[in-house]
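Residue-level listing of the chains:
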Amino acid sequence: MHWELPLLAEGDDTTQLRVEDYQGKIVYVDFWASWCRPCIKSMPFLNALRDEFKSRGFEVLAVNVDQNKADALSFLQKHPVNYPVAHDNSSQLLKHLNVVGLPSAFLLDADGVPTLVHAGFKESDKAYLRAMIDRALAINGN
C-alpha cells in the first residue's frame, strides 16, 4: 500500500504523511471522521495500543475524511491522539480502498501489505484487534 496525504495541522498543508515511511513496522491505518460516534470510542483504544506495542515496531496512522479541516481539528482538541493524523478531504484514498463505513482500518505488515481489514468499532473488538496486532508483530520477529 502506497499513499501520501497532508498531515492534519492548523495552517499546514505542506507536511506529508507517507505510509511508505513506516515500512518495516506493523501499521494500523484508521479512517475516521468527526461525526463518527464509534470513532470517539476507538481513538483512546488506539492510543493505548500504540503505547503498548510501539517498542515492538507498531504504529498507528489515522486518516481523517472530513471535508472541513476545522471540524477534524476541533474533534482532536476534544479527543487528542498520540499518533500521526493525515487529512483526505476529498476522500480519494477512502474511495480507492473501497471503504464504506467509519471507522475502518487496515493492518499492514512490515512490507505495507494489508493483512486485516476491520470495519466499525465496539468494545468486543478490543481483544480481537490486540491479538491480531500481537500476532503480526510476532510474525515480524517483534
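We now turn to the structure provided with this report.

**Some details on the overall build of the chain**
In step 1: Along the backbone of the chain there are four helices and seven strands.
In step 2: Starting at the N terminus and ending at the C terminus, the chain contains elements arranged as β-β-β-α-β-α-β-α-β-β-α.
In step 3: Rg of the C-alpha trace for the chain: 14 Å, near the compact-globule value of 14 Å for 142 residues, within the 12% margin.
In step 4: For the chain, the spread of C-alpha atoms along the three principal axes comes to 40 × 30 × 25 Å.
In step 5: Within the chain, buried positions represent 48% of all 142 residues.
In step 6: When contacts within the chain are restricted to residue pairs at least 6 apart in sequence, long-range pairs at least 24 apart make up 70% of them.
In step 7: Surface summary for the chain: the accessible area is close to 7,100 Å², and the carbon and sulfur share equals 51%.
In step 8: Averaging the positions of the 14 positive and the 18 negative side-chain charges in the chain gives two centres separated by 6 Å.

**A closer look at helix α4 (residues 125-139)**
In step 1: A rise of 1.5 Å per residue sets the reference length of α4, with its 15 residues, at 21 Å; its end C-alpha atoms lie 21 Å apart and thus fit the reference within 8%.
In step 2: Taken together, the buried positions of α4 are Asp125, Leu129, Met132, Ile133, Ala136 and Leu137. Around the axis of α4, the buried residues are gathered within 135 degrees of arc, so they sit on the same side. Along α4, exposed side chains directed more than 90 degrees from the buried face belong to Ala127, Arg135 and Ala138.
In step 3: Among the residues trailing α4, Gly141 stands out with phi positive, at a value near 85 degrees.

**Focus: the nonpolar core**
In step 1: Within the largest apolar cluster, 29 residues are counted, with the highest numbers of intra-cluster contacts made by Tyr28, Trp32, Phe58, Leu107 and Ile133.
In step 2: Elements supplying a minimum of two residues to this core: β3 (26-32), α1 (37-53), β4 (58-64), α2 (69-78), β6 (104-108) and α4.
In step 3: Beyond its immediate stretch of four places on either side in the chain, Ile133 contacts Tyr28, Leu49, Phe53, Phe58 and Leu107.
In step 4: Val27, Ala33, Val65 and Leu93 belong to the second largest nonpolar core, which has 19 residues in total.

**A word on the packing of aromatic side chains**
What characterises a pair of aromatic rings is the spacing of the ring centres plus the angle enclosed by the ring planes.
In step 1: For the structure on display, the rule yields four aromatic pairs.
In step 2: A ring pair is formed by Trp32 and Phe75, whose centres lie 4.8 Å apart and whose planes are at 35 degrees; its orientation type is tilted. With Trp32 in strand β3 and Phe75 in helix α2, the pair connects residues that are 43 residues apart, well separated along the chain. Across the pair, Phe75 and Trp32 agree in class, each one buried.
In step 3: Between Phe45 and Phe121, the aromatic rings sit 5.7 Å apart at their centres with planes inclined by 35 degrees, giving tilted as the arrangement. Of the two residues, Phe45 sits in helix α1 while Phe121 sits in the loop between β7 (114-119) and α4, which places them 76 residues apart along the sequence.

Conventions used here
Residues numbered from 1 in each chain as written. Predicted model: local features only at pLDDT ≥ 70, side-chain atom pairs only at ≥ 80, totals over all residues. Heavy atoms only, no water. Helix = DSSP H or I, 4+ residues; strand = E, 2+ residues; numbered from the N terminus. Rg over C-alpha atoms; globule rule 2.2 N^0.38 Å. Buried < 20%, exposed > 50% of the residue type's maximum accessible area, 1.4 Å probe, protein only. Contact = heavy atoms within 4.5 Å. Areas by Shrake-Rupley, 256 points an atom, 1.4 Å probe, with all protein chains shown as cover. Lys, Arg positive; Asp, Glu negative; His and termini not counted. Charge placed at Lys NZ, Arg CZ, Asp CG, Glu CD. Expected span 1.5 Å × (residues − 1). Arc of directions from axis to C-beta. Core = buried A, V, L, I, M, F, W, Y, C linked by side-chain atoms within 4.5 Å. Phe/Tyr/Trp six-rings, centres within 6.5 Å; stacked < 30°, edge-to-face > 60°.

Everything listed is a geometric property; what it means functionally is a separate question.
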